[in-house]
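# Structural characterization, general
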Amino acid sequence: MTWVEFAFPQCPACSRSWAVSRHRGCPADVGDGGGGLEVYPDRSQVRCSGCQRTWGVWETNFHCSCGRRFEAQEVEEAVREIIRVASLLARVLAQQARDLAEIRRAGEASFRAWTSRLVSAVAGSLGALAGRLVGSLLRALD
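Note that the structure is a prediction, hence the values are computed from the model and not measured.

## Side note on the pairing of strand β2 (residues 37-40)
Neither face of β2 is open: one carries L37 and V39, the other E38 and Y40, and all of them are buried. As paired elements, strand β1 (residues 4-5) and β2 share two bridges and run antiparallel to each other. Paired with V4 across the bridge in β2 is V39. Bridging between β2 and strand β3 (residues 45-48) involves four bridges; their strand directions are antiparallel. Residue pairing in the sheet places Y40 in a bridge with Q45 of β3.

## Examining the packing of aromatic side chains
In total, this model carries two aromatic pairs according to the counting rule given. With a centroid separation of 5.2 Å and 80° between ring planes, the pair formed by W3 and Y40 is classed as edge-to-face. Of the two residues, W3 sits in the segment before β1 while Y40 sits in strand β2, which places them 37 residues apart along the sequence. Residue class for W3 comes out partly exposed when judged on its relative accessible area of 21%. The ring of Y40 is capped by R43, whose NZ or CZ atom sits 4.2 Å from the centre of that ring.

## A closer look at the sheet that holds β3
Across the sheet, which stays open at both edges, the four strands sit in the order β1-β2-β3-β4 with antiparallel pairing between neighbours. The open sheet has two free edges, formed respectively by β1 and β4 (54-56), since each of these has just one partner strand.

## Examining the pairing of β3
With burial as the criterion, only one face of β3 is covered, namely that bearing V46 and C48; the residues Q45 and R47 on the opposite face remain uncovered. Adjacent in sequence and paired antiparallel, β2 and β3 are bridged by four residues, among which S44 carries a positive phi angle near 50°. Counting the residues that bridge the hairpin from β3 to β4 gives five residues, and of these Q52 lies at a positive phi of roughly 65°.

## Thoughts on the side chain of S21
In this fold, S21 is placed in the loop between β1 and β2. Take S21: its relative accessible area is 2%, and that puts it in the buried class. With sequence-adjacent residues up to four places away left out, S21 is seen in contact with F6, A7, F8, P9, G35, G36, L37 and F62.

## Quick look at the confidence of the model for the chain
Looking at the chain as a whole, the pLDDT averages 80, with 92% of positions reaching at least 70. Within the chain, β4 carries the highest mean pLDDT (90), whereas strand β6 (residues 69-71) carries the lowest (78).

Reading guide: rules and limits
- Residues numbered from 1 in each chain as written.
- Predicted model: local features only at pLDDT ≥ 70, side-chain atom pairs only at ≥ 80, totals over all residues.
- Heavy atoms only, no water.
- Buried < 20%, exposed > 50% of the residue type's maximum accessible area, 1.4 Å probe, protein only.
- Helix = DSSP H or I, 4+ residues; strand = E, 2+ residues; numbered from the N terminus.
- Pairing = 2+ DSSP bridges.
- Phe/Tyr/Trp six-rings, centres within 6.5 Å; stacked < 30°, edge-to-face > 60°.
- Lys NZ or Arg CZ within 6 Å of the ring centre and 35° of its normal.
- Contact = heavy atoms within 4.5 Å.
- pLDDT = per-residue confidence, 0-100.

Encoded structure:
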């Protein structure tokens, strides 16, 4: 698994959400609300893309622009959904890689079979042609 952006869950007070949560009070804040938060689902860790600080996902506090502060436990279902989707995506990508490898192997086997048939057909035609030529020469010498 890898780090993925941590969406701001739906605020229980105003129902707003954002594609990326921000690290409030980030030392690397340059006026854009702090670094973006990323989650590593397998480790249950959160990281700030600005200051690179990491902490446990359950220690995360969310601050909405409406002023509401809530903790990760209040949005446990949203966190579990992020983990579930990330795991599903990993499985889908792994299956896609296996499927592509199988298609490649089948294509290579098909090409080898076609090449073998072509070589056999050409060899057979050349053999038949050589036989007719030798037969014609022998008849001509008689």
